[in-house]
Amino acid sequence: MEQVIVNGLYLGAQYALIALGLTLIFSLMNVLNFAHGQMYVLGGFVTYTVYGQMGLPFVVALFASAVTLAVVGALFEKLLFRPVLRRSKREESTMLLAAATAFLLDAVILLVFGEKQRGVPKIVDGVFVSDAVIIPYDRVVVGVVAIGLIVAFMLYMQYSRPGRAMRALAQDRVAAQLMGVNVDRYSMLGFALGAMLAGLVGGLLVTITGVNSGIGGPISIKAFMMVMIGGAGVVGGAIAGGFILGMMESVGLDVLRAYGDITYLVIFVALMVFLSIRPNGLMGKPWG
Amino acid sequence: MKSKQFTLRILALAAASAVALSALAANPASAADKVLKIGFVGVTSGPAAAWGTSNVRSMQTRADWLNEQGGVKIGDDTYKIQIVTFDDQKDPKRAIAGMEKMAQEGIHYVVGPNVDDGAAAVRPVAEAKNIIYFPYSFPKALFSPPASNAILGMVANYQSAPAIYKYLKENKGVKSVAFVAANESDPLSQRDGGVAAAKELGLDVVAASDTYQNDTRDFTPVLTPIVRLKPDLLVLSGVAPANAPLLIRSARELGYKGLISAETAQDAKVLQEGAGDLANGFISVGGASTPEIRSPLMEEFIQRYTKKYGEYNDESNTKVYALEYIVDTLKANPKAIDDIDEYKKTIETFHAPNPFVKEGHELKYVGMKSFGQKRQISVPMVVTQYENGEFKTLFVGEVD
């Protein structure tokens, strides 16, 4: 059982980091970023190229993934989402735009990086083995880095000036504007930060799971699930959702294995029941 | 003013003519040659993109090569080959739309689809529109009477699995086996076939119901309970090339010491990048060509493919065959070019030298034992073992 719990914890840490960027963009702009998974994939491929192909240090590759995705996010916000949000009052417009950007990134990634699964050398070799738990050291490192990034992100949002401005924006866009918050600048920063998180986690996880051009959609769906569990637009909710999903997967795959592949069926049914009782998720607010 | 308008019209007409002429010149199928359109309906996007992409790229590479040599002579005519592709996104509804498109284009020979449900879905369209198609999926009903339009494009797992398990039982002392499969129709049916074959050989099947979502990225939770059972052999049923290295790596990192095998074709580079040395010893049906058996023509095909697309895909060792079979069968009976009944007649007696292997194998249609009729192309069943970045031949078998 200890192994199952450890599996759940590090899966949860990975998932939480994936969900953070998605919920940030949603909270700031009310945009469901369907391209989040594709941004994760792009981050993975940047790390693959810089670390796996060019042989530069992993930290440099991770930095390159973060910067690349931050730039992509900022450009998406400035050139695509901002004009649409300005001209259209309907939420479907941004949803359609987000879906279009997902397809665009999918196609571009497939063209540039090809159809094959890619992987990089392990960042840390070796496996920790005890009577109760077996865990490769690289998963420990990735789990710790993921938790470190989550903490850093929360501190940034809590105590930095841009973080406070983005939180104000998330709470009430008009009031924040009236208080002198530069809405355009911080919306762009928020989108860039959300995309950067996707890129970072993509770069981080490529060392364990590799990356291929087709996984963007499934990653987005999983991220949406975590956000739904935790509550849309709430940072703490995304983290909780990530850990809950990770633990449910790990426990389900172990306990329910005798009954075939019903783990996700059970998770989805549980999610439906949960949402019917608590439609805003664990920490979501009824007003968004 | 009128004169200016007239001049503009003339200029526009000249420009349009120039564009049309240059397009004609750029088209490999010049007016002097006839065009033989061969279709592809399969998955070239999403998580399973590698399966269809290797099909399309193999077909395109071979078609370009044949066209470069002046085309193919079928009867009295010379044809340039044109590959018409349709991405069904692994969606049966789109596969039907793709097959309809092929019919509208007058195409009678289509490679694909890549998965069971797509191959089953297109059957009515193929039969109604006189299309022979070459699926890479295994349901026997598609290839057995009364069905007659589908021709299996590779070795099925129920043909390779018994041979592999028997070899491992006799040569590696395998006594117990565990199966794990993605929760999708193809891998599940392959798993069931594998379980049946293992039981028939008297192996102890210690796990037969473990599955995973195809989009799983970290397989440690999936494999933790299976590794505890310590099977001698872990079979990755119907595993996609993208998932194989992740499964192997997780199993090895969890301390699994036994053998790992799959009945689907894999890619050495993908295994190397994804699992490194942990993939050493992994057994799979490694495409229909390994360095030990491939001919100079196959070597050139690999070079051309690599030059055209930047990197070779080992799955293409098998995928290269379908187009060759279509072209060579049409050469054997030119009437079949627009009459699939003639093609079906030719299947019964067709045989030709296999240009892709050194010796000991010929192109012919097989499947009598599995399907009761010849509805499978014969490709060498090469069982390989991965070692340090490349596949080594374990043994070569053949389907009858």
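Thresholds, definitions, all that
Residues numbered from 1 in each chain as written. Chains lettered and ligands numbered in written order. Predicted model: local features only at pLDDT ≥ 70, side-chain atom pairs only at ≥ 80, totals over all residues. Axes fitted to C-alpha atoms, helices over the stretch in contact; angles between N-to-C directions. Helix = DSSP H or I, 4+ residues; strand = E, 2+ residues; numbered from the N terminus. Parallel < 35°, antiparallel > 145°, perpendicular 65-115°, else oblique. Left-handed = near helix turned anticlockwise from the far one by under 90°. Contact = placed C-beta atoms within 7 Å. Pairing = 2+ DSSP bridges. Nonpolar A, V, L, I, M, F, W, Y, C, P; charged D, E, K, R; others polar. Expected span 1.5 Å × (residues − 1). Buried ≥ 20, exposed ≤ 12 C-beta atoms within 10 Å, placed from the backbone. Domains from an automatic or database assignment. Core = buried A, V, L, I, M, F, W, Y, C linked by C-beta atoms within 7 Å. Arc of directions from axis to C-beta.

(A) A look at the packing of helix H1 (residues 2-29) of chain A against helix H8 (residues 183-209) of chain A. Residue and element names in this part refer to chain A. Where H1 meets H8, the closest approach of the two axes is 9 Å, and the angle between their N-to-C directions is 165°. Regarding the angle of H1 to H8, the classification is roughly antiparallel. At the point where H1 passes H8, the crossing takes the left-handed sense. Along its contact with H1, which presents Gln14, Leu17, Ile18, Leu20, Gly21, Leu22, Leu24, Ile25, Leu28 and Met29, the element H8 presents Ser187, Gly190, Phe191, Leu193, Gly194, Ala195, Leu197, Ala198, Val201 and Leu205.

(B) Main features of the sheet that holds strand S10 (residues 283-285) of chain B. All names here are of chain B. Taken together, the seven strands give an open sheet; going across it, the order is S7-S6-S8-S9-S10-S14-S15, and neighbouring strands pair in mixed fashion. Lying at the two open borders of the sheet, with one neighbouring strand each, are strand S7 (204-212) and strand S15 (390-397). Across this sheet, the average inter-strand angle for adjacent strands is 20°, counted without regard to direction. Two strands pair when backbone bridges link them, and strand S6 (residues 176-182) and S7 are joined in this way by six bridges, in the parallel orientation. Residue pairing across strands places Ser176 opposite Asp204, the latter belonging to S7. Relative to the sheet, helix H7 (residues 185-200) contacts S6, S7 and strand S8 (233-237), its axis offset from that of S6 by approximately 170°.

(C) Spatial organisation of the interface of chain A and chain B. With 33 residues of chain A at the contact, the number on the chain B side is 33 residues. Going through the elements one at a time, H1, strand S1 (127-129), strand S2 (134-136), H8 and helix H10 (235-255) of chain A are the ones with two or more residues in the side of chain A that touches chain B. Looking at the side of chain A that touches chain B residue by residue, the class counts come to 14 nonpolar, 12 polar and seven charged.

(D) Here's a closer look at H8 of chain A. Between its terminal C-alpha atoms H8 of chain A stretches 37 Å, which fits the 39 Å expected from 27 residues at 1.5 Å a residue. Counted residue by residue, H8 of chain A has 24 buried out of 27 residues, so it is predominantly covered.

(E) Representation of the sheet that holds strand S1 (residues 34-42) of chain B in the model. Residues and elements named next belong to chain B. Strands sit in the order S2-S3-S1-S4-S5 across an open sheet of five strands; the sheet is mixed. Each of the sheet's edge strands pairs with one partner strand only, and the pair in question is strand S2 (72-74) and strand S5 (132-134). Along the sheet, successive strands turn relative to each other by an average axial angle of 35°, direction set aside. Sheet topology places S2 next to strand S3 (residues 77-87); three bridges connect them, and they run antiparallel. Looking at S3, one finds that Lys73 is bridged to Thr78. Together, S1, S2, strand S4 (109-111) and S5 form the strand contacts of helix H13 (residues 321-332), whose direction differs from that of S2 by roughly 40°.

(F) Highlighting the domain arrangement of chain B. Residue and element names in this part refer to chain B. Here chain B is described as being made up of domain 1 (34-154 + 291-379) and domain 2 (157-264). At the interface, 11 residues of domain 1 touch 12 residues of domain 2. Here the residues of the side of domain 1 that touches domain 2 sort into six nonpolar, two polar and three charged.

(G) How the structure looks around the nonpolar core. Counting residues in each nonpolar core, the largest one holds 214 residues, and the members touching the most others are Ala19 of chain A together with Ile38, Met99, Val110, Val122 and Leu234 of chain B. Shared between two domains, this core takes at least three residues from each, and those domains are domain 1 (34-154 + 291-379) and domain 2 (157-264) of chain B. Sequence-distant contacts of Ile38 of chain B, that is, excluding residues within four places in its chain, are made with Met59, Ile81, Ile83, Ile107, Tyr109, Val111, Leu323 and Ile326 of chain B.

(H) Looking closely at helix H11 (residues 296-309) of chain B. All names here are of chain B. Between the first and last C-alpha of H11 there are 20 Å, a value that for 14 residues agrees with the 20 Å anticipated at 1.5 Å per step. Among the residues making up H11, those that are buried are Met298, Phe301, Ile302 and Tyr305. All buried residues of H11 project into a common sector of 100° when viewed along the axis, lining one side. Turned more than 90 degrees away from the buried face of H11, the exposed residues are Pro296, Glu300, Gln303 and Lys307. Packing partners of the buried residues in H11 comprise helix H2 (49-68) and helix H12 (316-319). Once H11 finishes, Gly310 follows within two positions and takes phi at roughly 90°, a positive value.

(I) Representation of the pairing of strand S12 (residues 362-366) of chain B within the structure. Residues and elements named next belong to chain B. Here S12 shows a clear split, with Leu363 and Tyr365 buried on one side and none of Glu362, Lys364 and Val366 buried on the other. Both strand S11 (residues 351-353) and S12 contribute to a ladder of three bridges, which runs antiparallel. By the bridge assignment for S12, Ala352 is matched with Leu363. Two elements, S12 and strand S13 (residues 376-377), share two bridges in a ladder whose sense is antiparallel. If you follow Val366 over to S13, its bridge partner there is Gln376.

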